[in-house]
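# Topology and contacts: notes
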Amino acid sequence: MTLSTLPLSASEITAPSNSSIEITNFYARATPPNAVNSALFATITNNSKQIRTLVSASSSAAEKVELHDVIHEGDVMKMRQVAQIEIPAEQTVMLKPGSLHIMLLNINKPFNDGESIKVTLTYANGDVQELIVPVKKVMAGMRKHHH
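What you see is a predicted model, and the numbers here were worked out from it, not measured in a lab.

Our focus in this paragraph is the pattern of salt bridges. Applying the stated criterion to the full structure yields six salt bridges. Where K49 meets E90, a salt bridge forms, and the shortest distance between an N and an O atom there is 2.8 Å. One end of the pair, K49, is in the loop between β2 (37-46) and β3 (52-58); the other, E90, is in the loop between β6 (85-87) and β7 (92-95), and 41 residues separate them in sequence. Judged by its relative accessible area of 69%, K49 falls in the exposed class. For D127, the salt bridge is made with R52, and the minimal N-O distance between the two is 2.9 Å. Linking D127 in the loop between β9 (116-123) and β10 (128-136) with R52 in strand β3, this pair joins segments that are 75 residues apart in sequence. Judged by relative accessible area, D127 falls into the partly exposed class, the value being 32%.

Turning to its location among the elements, V55 is positioned in strand β3. What makes V55 partly exposed here is its relative accessible area of 31%. Considered as a pair, V55 and I85 are 30 residues apart in the sequence and their alpha carbons are 6.6 Å apart.

With nine of ten residues buried, β2 lies mostly within the body of the structure. Sheet topology note: the β2/strand β8 (residues 101-107) ladder contains four bridges and is antiparallel. Counterpart to N37 in the pairing with β8 is L105. Pairing analysis gives four bridges linking β2 to β7, with the strands arranged antiparallel. Paired with A42 across the bridge in β7 is L95.

A word on the nonpolar core. Ranked by size, the top nonpolar core spans 31 residues in total, and within it I23, F26, L40, I102, I117 and L121 carry the most contacts. Counting six residues, the second largest nonpolar core, distinct from the first, contains Y27, A39, F41 and V138.

Here the focus is the confidence of the model for the protein chain. Of all residues in the protein chain, 82% have pLDDT values of 70 or greater, and the mean over the chain is 85. Long-range and interchain partners of residues 1-17, a stretch whose pLDDT sits below 50, account for 29 contacts in this model, where long-range means more than four residues apart. Here residues 140-147 is a poorly scored stretch, pLDDT under 50, and it has zero contacts once near neighbours within four places are set aside; other chains count.

Following the sequence through the fold, N46 ends up in strand β2. Within the local environment of N46, its side chain forms a polar contact with the backbone oxygen of P88, the two atoms lying 3.3 Å apart. Setting aside residues up to four positions removed in sequence, N46 forms contacts with S20, I21, I51, R52, I87, P88, A89, E90 and Q91.

Criteria and cut-off values
Residues numbered from 1 in each chain as written. Predicted model: local features only at pLDDT ≥ 70, side-chain atom pairs only at ≥ 80, totals over all residues. Heavy atoms only, no water. Salt bridge = Lys/Arg side-chain N within 4 Å of Asp/Glu carboxyl O. Helix = DSSP H or I, 4+ residues; strand = E, 2+ residues; numbered from the N terminus. Buried < 20%, exposed > 50% of the residue type's maximum accessible area, 1.4 Å probe, protein only. Pairing = 2+ DSSP bridges. Core = buried A, V, L, I, M, F, W, Y, C linked by side-chain atoms within 4.5 Å. pLDDT = per-residue confidence, 0-100. Contact = heavy atoms within 4.5 Å. Polar contact = N/O pair within 3.5 Å; in protein donor to acceptor, adjacent residues only side chain to side chain.

Structure (C-alpha cells):
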C-alpha cells in the first residue's frame, strides 16, 4: 500500500491515548509540478497543565523538515527557522500560513491533492507522534474575487 492510498487522515490518527497533545486540521499544502518545498499546517491543543514544546518534525517525503515562523519587518514578511514551538498549558497553537508552520524542504515528488504523507513530531519531553497527513490544495488568500 502506498502512502497516497492510506485510508486514514490526521484527524483519525492523533496522539497516543495517553498524550496530552491533540492535533486537528493537519494538512500538507499541495504543490505545483516543479515546486521543491511545501508546508504543514495544523491546530495543536495542549490538554495538560504543563507547557509542551515541539522540538522537531521529520518526514521521508522531504530531504529536510524545519519548524518555521514568519516575522513582519515593516512591509516585509520574512520566514525564519525556529528551534521550537511552545504549546502553552491548556491552550491551542495554530500552525498556519503567514505564521508558525512546518516546512518540508526538497520534497521527493510533487504533493498532489488527495494524497497523504507520513510525519513524525518530537517533543522536548521525548514524546513522539506519528501521523498520516492529508495533502490539500489550498488557495485561501491567493485569489481575489472580481465581480
